[in-house]
Amino acid sequence: MAPKLKKRLGKKHRQASTRPKLGKSVPKLKGAVKEVSPKQRKEIAAKKAAANAKAKTPTRSPDKEHRRVVGEEPMRAQGGEDRVGRSRFPAGMTERKAKAKGPVDPEVAEKRAWQDAEEIATTLTLATANVGHHEPTRLPLVAICGRPNVGKSTLFNKLTQTRRSIVGDEPGITRDRIYGEVEWAGRDVRLVDTGGVIPDDEALIPSEIFRQAKVGLEEADAIIMVVDGRTELASPDMELARLLLRGGKPVFLAVNKMDTSEMFAAAENFRRLGFKNVCPISAEHGTGIGDLLDEVWAALPPEFVAEEPEENLEGFEEEFEEDMDGGGDPLPGAQDDGEEAKPGRRLRSHGEHISRETKVAIIGRPNVGKSTLLNAFTGTERAIVSPIAGTTRDAVDEVVERNGHSFRFIDTAGIRRKGKTKLMAEKLSVIMSRKHLEAADVSLLVIDAAEGVAAADANIGGYAHESGRSVIIIVNKWDLMTEVGPDGMRLFDGKPPADKKIYEQQVRDSLKYLDYAPLLFVSAAEDKGIEEVFKKVELVSRERRKRVSTGAMNRFLDKIDFQRASVPMKKRIRIYYMTQAAVAPPTFVLFTDRDVKLHFSYERFLANEIRDTFKFIGSPIWFKVKARNKKKEKE
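Reading guide: rules and limits
- Residues numbered from 1 in each chain as written.
- Predicted model: local features only at pLDDT ≥ 70, side-chain atom pairs only at ≥ 80, totals over all residues.
- Heavy atoms only, no water.
- Helix = DSSP H or I, 4+ residues; strand = E, 2+ residues; numbered from the N terminus.
- Buried < 20%, exposed > 50% of the residue type's maximum accessible area, 1.4 Å probe, protein only.
- Contact = heavy atoms within 4.5 Å.
- Pairing = 2+ DSSP bridges.
- Axes fitted to C-alpha atoms, helices over the stretch in contact; angles between N-to-C directions.
- pLDDT = per-residue confidence, 0-100.
- Salt bridge = Lys/Arg side-chain N within 4 Å of Asp/Glu carboxyl O.

Here we come to the overall build of the protein chain. Scanning the protein chain for helices and strands turns up 19 helices and 17 strands. When the 635 residues of the protein chain are sorted by exposure, 45% land in the buried category. Long-range contacts, defined here as pairs at least 24 residues apart, represent 70% of the contacts in the protein chain between residues at least 6 apart.

See the structure below:
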């Protein structure tokens, strides 16, 4: 007999059979959830989950959550914090929770590291902007030296009251010489921070650091040697002390990291180095620094008082006459400190005043010859040069006087992609390179002639263009492209010699947005084409501060055929008149009939027409639109 089949229930009955039966065994729902539908229950549950997540979110500020101090080493370097005071675990997470959760995603950790580097970079001082250029006979020089990772840069930052020198746990961060100024007891003194010295190390970078440090020690009037008071004396300390004592200059021993007065007694153990002047200090907290400076200042040579130089007013008369000329119409509604603008008087933007110093940032990819170019400009071995990419970390700046003009050249670290920078010092150097670029007047975009224009070169040039810096393209190592052997082929790769016109066209095709930038071929290693760079920098810095009167701009507008501009009809505007509102970079305000953003082709067309008439060599041109009937359109 066949088995009896169970009757299959319909959809309605199946749903009814699975519903919970009302009774004592079913828990009663609370509050408003009791009489709601399943869809509403889901919404209420989602709101509760969001409220719980919000309650677990830490209430501390982002600054405290991601706190990281540069130039200071906290006393507590164990547990949940690293040696620079930053938590080793994500915000709001303890060590136990971090271990239970498992390893952190590498992409998240890398993103957080770059955020930390960005926060640190905002505290660093740009290009020693507050440090004047003084001759050695005017201000005495004090050098800070010692082996790596003893706190030299921390002491330098503390004395100069800046964040000029990059500080971290990684030994050997400081490589080149970093200069600053200190005021103590009513007297100004120049200070130089040198790299960590290991006299017996024959490796390329340490030996170059030692050579740079020796230059700073030779020109110094007094020397401060820094040692780590928490460690035992090492052979590099003894060897360096022996070298310093032979020099015959006043040398002072600063025993660093003496954070409490109970630790001062341990500093007496370092008298074995042979120094008479031993000062226990804490560069992080400032303990004992005043006593150290008193002893150093007492050993410096007598103060040199120079006569006040007379101001050179040459060129100001022509400028004054130009200002008072009727062609210089004042801007509409312009006033000066509450006074009515007089006829023929123009208001000046901050960049238009006569600049006695031009800041020039040398930018580019790693290993394209930026440091070699700086040495060629200064005529000295100012920066460390090596074939190792990423040698420069701190920005190195030097002032050069040429034909009555002062140029401050800033050698920045090579800008790389984020994925190729691992150490915190490298991340900081890349971020600081961009910040030094934004603080400069002119940027020299250095390209390796042997490698040509890479995608990274276009990105770096874009940084300069978007920040409003004047740009000069420098094709370095041009000697490699032209030196030929007996067979007529290039020596370094055996190919035919390069042609300047063809190579320039290739560069222009790759960097079309920098069509206004002059292009120069140089060889920094052989000191070829350097004089031409000085001339171009002076020309470009003058062009970026040039001002055109409103009357001249209106006459210029009458001559332009705007029908030639390929712009969509909905983006076309009518320009009533145009005036230059600012300089450095040149900024023009367009008074139009519509409040619309300029189409990129229209903006490019207008910029090209302005360049054909007024030049503005090497400088980008910015536009701002101000509509007359802006309020009517909103209504």
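Here the narrative resumes.
Next up on the list: helix H11 (residues 370–378). H11 sits mainly inside the fold: eight of its nine residues count as buried. For H11, the complete set of buried residues consists of Lys370, Ser371, Leu373, Leu374, Asn375, Ala376, Phe377 and Thr378. Tucked into the core, H11 has its buried residues touching strand E9 (357–364), strand E10 (396–402), strand E11 (405–411), strand E12 (442–448), strand E13 (470–476) and helix H16 (530–543).

Turning next to the sheet that holds E12. Taken in spatial order, the six strands of this open sheet run E10-E11-E9-E12-E13-E14, and their pairing is mixed. The strands lining the two open edges of the sheet, one partner per strand, are E10 and strand E14 (519–521). Ignoring which end each strand starts from, the neighbouring axes of this sheet average 25 degrees apart. Relative to E14, E13 runs parallel, the two being bridged by three bridges. Within the sheet, the bridge partner assigned to Val475 lies in E14 and is Phe521. With respect to the sheet, helix H13 (residues 455–466) is in contact with E9, E12 and E13, its orientation differing from that of E12 by roughly 175 degrees.

Attention now goes to the confidence of the model for the protein chain. Residues at a pLDDT of 70 or more form 64% of the protein chain, whose mean pLDDT is 75. The low-confidence segment residues 59–92, where pLDDT is below 50, has 66 contacts with residues more than four positions distant or belonging to other chains. Within the model, pLDDT remains below 50 along residues 125–137, and this stretch shows 34 contacts once partners closer than five positions in the same chain are excluded.

Bringing the environment of Gly216 into the picture now. Mapped onto the secondary structure, Gly216 falls in helix H7 (residues 204–219). When the C-alpha atoms of Gly216 and Leu141 are compared, they prove to be 8.9 Å apart, with 75 residues separating the residues in sequence. Contacts of Gly216, omitting those with residues within four sequence positions, involve Leu141, Ala143 and Arg177.

Let us look at the pattern of salt bridges. With the rule as written, the count across this model stands at 16 salt bridges. For Arg271, the salt bridge goes to Glu268, with nearest N and O atoms at 2.6 Å. On the accessibility criterion, Arg271 (36% relative accessible area) is partly exposed. Of the residues examined, Glu268 reaches a relative accessible area of 43% and is grouped as partly exposed. A salt bridge links Glu357 to Arg408, with the shortest nitrogen-to-oxygen separation between them at 3.1 Å. Of the two residues, Glu357 sits in strand E9 while Arg408 sits in strand E11, which places them 51 residues apart along the sequence. Owing to a relative accessible area of 5%, Arg408 belongs among the buried residues under this scheme. What you see here is one network of salt bridges that share partners, running through Glu357, Asp397 and Arg408.

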